[in-house]
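Reading the structure
Each chain, written out:
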Number of protein chains: 2
Amino acid sequence: MNGSGVRRWSATDTFGDDRRHEIQLDDGCGGRSRYPHTWLRNNCQCPSCTSAESGFRKQVICDFRFSSAPIRLQIINNDTLYVKWDDSHESTYDLQWLLERNFNEGQERHENQQVKWTAESFSAIFRSFKYEDVIKSDETLLQWLETLAVHGISMIKSCGLEQYRVKELAGRVAFLKKTQYGETFKVEVNSDATNLAYRSTYLQLHTDLPYYEYTPGVILLHCIVQPESSGGESEVTDGLSVCDRLKETDLDSYKTLSTVPVRWIDRGHDDGYSFHNIYESPVICEDSYGNIKRINFSEHHRDSKCPVSIDKVHIWYDALEKFVKIAYNEKIISTFKMKPGDILTFDNYRVLHGRKGYQGSRLLIGGYLDWDLIKSRTRVLQSQLSNKINN
Amino acid sequence: MNGSGVRRWSATDTFGDDRRHEIQLDDGCGGRSRYPHTWLRNNCQCPSCTSAESGFRKQVICDFRFSSAPIRLQIINNDTLYVKWDDSHESTYDLQWLLERNFNEGQERHENQQVKWTAESFSAIFRSFKYEDVIKSDETLLQWLETLAVHGISMIKSCGLEQYRVKELAGRVAFLKKTQYGETFKVEVNSDATNLAYRSTYLQLHTDLPYYEYTPGVILLHCIVQPESSGGESEVTDGLSVCDRLKETDLDSYKTLSTVPVRWIDRGHDDGYSFHNIYESPVICEDSYGNIKRINFSEHHRDSKCPVSIDKVHIWYDALEKFVKIAYNEKIISTFKMKPGDILTFDNYRVLHGRKGYQGSRLLIGGYLDWDLIKSRTRVLQSQLSNKINN
C-alpha cells in the first residue's frame, strides 16, 4: 500500500477463507484489508454505539445482533467507510482507524522488549538517574520507567535521607502498593519481626512476596544508613538470564521448574498485624506465549509441604540445584553497595536480590509499585511527550 | 494406619520407584510413608536450619548439599526420627510433622470449595450479615469471608449511611486495594468522569478492571442513596454457572473463550489522574489444573483492536453470543434492589454485575479487597477460633 499510485478506496461485501462474511477494503493499488461483519458492527463508532468522551463501546451486548449484514457500502471522500446495516443502523468508519485494525497484517502484538543481563554486562545496563530530575522532569521519569521495563533495574541517586522519599518517588508514577508489611517498611534489625530480611545475617537471593497471587511488581529500596566497613553489599541476578542459561544447558530442568507447583508460605506478624499467606505456583511462570512473566524464588518462604507426588521431588531438587548454580555463578551475579541517599529500584518478577551480612547499623526504607500502574503511567507519558514534540 | 495394633515406628534407608534414595517410615501395623533424602535434609528442623520464631527455612541454598545421605537413622521415644547425615549434621523430626507431609498419600491439595448458583438457588445462597456483628464478632467476620469464598456474594445489612463504612469494613479484613479510581470511589452520576458506570443509564453485566493484570478480587458497594421508584436494581450472574452451562452445551465455544486473548483497555481520567491501561487475557482464565480462576467481561473495556488473526474473529463472536445468552437467561441472572445502608460484597473474579437504569439520585461508595489478604485473614481467624474452641 506504499506504491506510488494514488489510492482510490473501494469496499466490497465478500466471504473470507472461513466462508464467513467480511468487508474488504481495496486501496486501488493492490492493497487489501479485511473486516469481519460482526466485528465491524460491534465496533460501530457512532455516538449511540461508542462513547464520544472515552471511546468505549456503549452497545449492550445482550441486545446485540451478532448476525448483522450490510445492505449498503460506500466510500465517502476517499477517507471514510459508510455502512448501512440490515436493521437500518448506519455506521461510518475513518479509513485510517480501520487500517490500524487491519486483520490482514495481524493485530498489534506486545513485543517483549526486555534486555537480559549478566555480571559482565551489568555495569553497562545499570543506569542511574538523579532524584531531582525524576521528580521535576517528565522526560526523565519516562526514561526511568522505560529502563525498569527493559533492564528491570535502575538506581535513583541523591535522594537525601528523608524517609518519605520512597512515597514521593512512587507518587510520580501513581501510588505505593500496600502489603501486610505496610505501605512502606523498614529493612533493619528488628528482633520482633518474623521476616528473615530483618536480620543482619547474609540474606540469600530471593524475590519478595512469592506467597501473594498478586505479588508486587517493582521494589523501591531507599538506603538511609549503611555500614561504612565492609558488609551490607547488595547482590542481584537477572532471573531471565538464569532461565535462558538453564534452558540452553538442561531443557528438562527448565520444564520442571516451569511446571511443578511449589507452595509458598508466610505466616507471622508485623507491627501487630497477623498473616498467613499461601500461594502455589512454579518457580518459573510462563504466559501463554511462552514468555516468562514471573519468577518465584525464596528459600525462606518455600513450604516444607510439597503439592506434588513423590516421583517429582528428586527431579525438582535436581532442577533447583542447576538453577541455583547458575544464579550464583560469578559470571551471572552482580554485587554493589548502595550509598545513603540511593533508591534502588528493580523488577520483582525477574530480578533475584539479596544482601551480604553486616555489623553495625543499616536501614533501608522499602516500598512497592504495581506494573499495572507503571505501564499505565508510561503510556500516558509517552503520549503526552510525543504530543509535546509534535506540537 | 488406623489399625487396632500399637504403632511401633521404625525407619529404613531405601530406594524409591525412581531408584533415588528415600527414608521409609514403618508404623509396625503395615502403614508406610516415604521421604526423599534431599527433601528431608532440606527441611531439617534444627535451629540452624529453621527459624524457631517463624518456622522458615534458614538454609542458604547456594551452600546446600543436594546429595546428602544419612549415615545413621533412629526412632527416639517412638515419636521422633533422628538422622545423622554424611556431613555429620544431625536432624530430628517429629513423627506427626512427618506424617502431615507423607508423600504416599499425596500432599494437601486445595479443594475448590466454590458452590455455583443460578436464579433458582440465588435466594438460598445469598446470605446476609449484620454490620455490627461483622465489626464486633470474629466468628461472624469469618462466616462472611467463608461465604464470599464459597458463594462469591454476600450482603452486609444495617451499615448506616456514613461514607467511611466500606473502609471500616475492609479494615476488619486488612485494608482496601487502591486503584486509579482511588481508595474508595463514588458510583453516581458524574459527567466529568470517563467511566460509563458513572451514568444513570442501564449498566450491563461486567467485571471490574479487567484491564489490570492484578484486578481487584472482591468488590464492596455501599448503598447510600437509592431511587424509591423503580430503577437502580442490581443484576448479578454467577460466571462459574455460565461457564458450566457453556461447557456442557458447546465445549468448542468454552475452549474458544478460555484460549483466545482479548485486549482490555481503559483510557481516561478520574479526579485529575490520567491512566491508559491495557491487558490481554481471555474471557475465561483457567489455572493449570483447569479450574476457572478469573472471568474478564466488560463490553465498555473491550478494545476494538483484537490481538488475534482474522480466522479467529467469527468463531470468537459465536462463542461470545452463546456466553451472553446464558449469562442473561432468566434462569441464571438474579435481580434485587439494594437499600440505603446495605453493603453488597462479591467476588470480582466470578460474579458479573450490572444495574438497571434509573431516574433521580443514586449513590454507592465502592471499594476493593484483594483475595491474597482475604485468604490470609481467613486462615488466621480459622486458627485463632479453633484454638479458642480447643482451649
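Just so you know, these numbers come straight off a predicted model, no measurement behind them.

Section: the pairing of strand β6 (residues 90-94) of chain B
Residue and element names in this part refer to chain B. Only one face of β6 is buried, namely the one carrying Ser91 and Tyr93, since none of Glu90, Thr92 and Asp94 on the opposite face is buried. Sheet topology note: the strand β5 (residues 80-85)/β6 ladder contains five bridges and is antiparallel. Note that in β6 the partner of Lys84 across the bridge is Glu90. In this structure, the hairpin formed by β5 and β6 is closed by a connection of four residues, where Ser88 is found at a positive phi of approximately 75 degrees.

Regarding the pairing of strand β3 (residues 32-36) of chain A
Residues and elements named next belong to chain A. Along β3, four of the five residues are buried, which leaves the element largely enclosed by surrounding structure. Relative to β3, strand β2 (residues 21-26) runs antiparallel, the two being bridged by five bridges. Considered in β3, the bridge of Glu22 is made with Pro36. Turn length for the β2-β3 hairpin, with the two strands adjacent in sequence and antiparallel, is five residues, and the turn residue Gly28 shows positive phi of about 80 degrees.

Here we look at the relation of the copies chain A and chain B
Mapping between the two copies of the chain is achieved by a rotation about an axis and a shift along the axis. After a rotation of 180 degrees and a shift along the axis of 0.0 Å, chain A superposes on chain B with an RMSD of 0.1 Å. Such values leave the two copies arranged in the relation of a two-fold axis. Closest approach to the rotation axis among the C-alpha atoms of chain A is made by Tyr214(A), whose C-alpha sits 2.9 Å away.

So, the interface of chain A and chain B
Note on interface size: it is often stated as the accessible area lost on association of the parts. In this assembly, 94 residues from chain A lie in contact with 94 residues from chain B. Here chain A packs against chain B, burying approximately 8,400 Å² in sum over the two surfaces, 54% of which is carbon and sulfur. On the chain A side of the contact with chain B, Phe56(A), Tyr214(A) and His314(A) bury the most area, a combined 10% of that side's loss. Run the count over chain A and chain B and you get three salt bridges. Across the pair Arg57(B) and Glu299(A) runs a salt bridge whose closest N-O atoms are separated by 4.0 Å. When contributions to the side of chain A that touches chain B are tallied by element, the ones reaching two or more residues are β2, β3, α1 (37-42), β13 (262-270), β14 (273-281), β16 (292-295), α9 (313-327) and α10 (371-390) of chain A.

A word on the UniProt feature "domain: Gamma-butyrobetaine hydroxylase-like N-terminal" (unreviewed entry) in chain A
Under the UniProt annotation, the feature "domain: Gamma-butyrobetaine hydroxylase-like N-terminal" (unreviewed entry) is placed at residues 21-98 of chain A. Spanning residues 21-98 of chain A, this segment combines 13% helix with 37% strand, and its end C-alpha atoms are found 17 Å apart.

Quick word on the sheet that holds β6(B)
Residue and element names in this part refer to chain B. Strands sit in the order β4-β5-β6 across an open sheet of three strands; the sheet is antiparallel. Strands with a single pairing partner mark the edges of an open sheet, and in this sheet they are β4 (70-76) and β6. Along the sheet, successive strands turn relative to each other by an average axial angle of 20 degrees, direction set aside.

Digging into the state of the cysteines
All names here are of chain A. Across all of its chains, the model carries zero disulfides over all chains by this definition. Its sulfur unpaired, Cys62 is 14 Å from the next cysteine sulfur, which belongs to Cys49. Judged by relative accessible area, Cys62 falls into the partly exposed class, the value being 31%.

Overview of the side chain of Asp342(A)
All names here are of chain A. Position of Asp342 relative to the elements: it lies in the loop between β17 (334-336) and β18 (343-347). With relative accessibility at 3%, the residue Asp342 sits in the buried group. Among the polar contacts listed, one links the side chain of Asp342 to the side chain of Lys157, at a separation of 3.2 Å. Those residues in contact with Asp342 that sit more than four places away from it in its chain are Met155, Ile156, Lys157, Cys159, Leu221, His222 and Cys223.

Cut-offs and rules
Residues numbered from 1 in each chain as written. Chains lettered and ligands numbered in written order. Predicted model: local features only at pLDDT ≥ 70, side-chain atom pairs only at ≥ 80, totals over all residues. Heavy atoms only, no water. Buried < 20%, exposed > 50% of the residue type's maximum accessible area, 1.4 Å probe, protein only. Helix = DSSP H or I, 4+ residues; strand = E, 2+ residues; numbered from the N terminus. Pairing = 2+ DSSP bridges. Least-squares fit on C-alpha atoms with pLDDT ≥ 70 in both. Contact = heavy atoms within 4.5 Å. Buried area = accessible area lost by both parts, 1.4 Å probe. Salt bridge = Lys/Arg side-chain N within 4 Å of Asp/Glu carboxyl O. UniProt positions renumbered as here; feature names shortened; annotations may be inferred. Axes fitted to C-alpha atoms, helices over the stretch in contact; angles between N-to-C directions. Disulfide = S-S within 2.5 Å. Polar contact = N/O pair within 3.5 Å; in protein donor to acceptor, adjacent residues only side chain to side chain.

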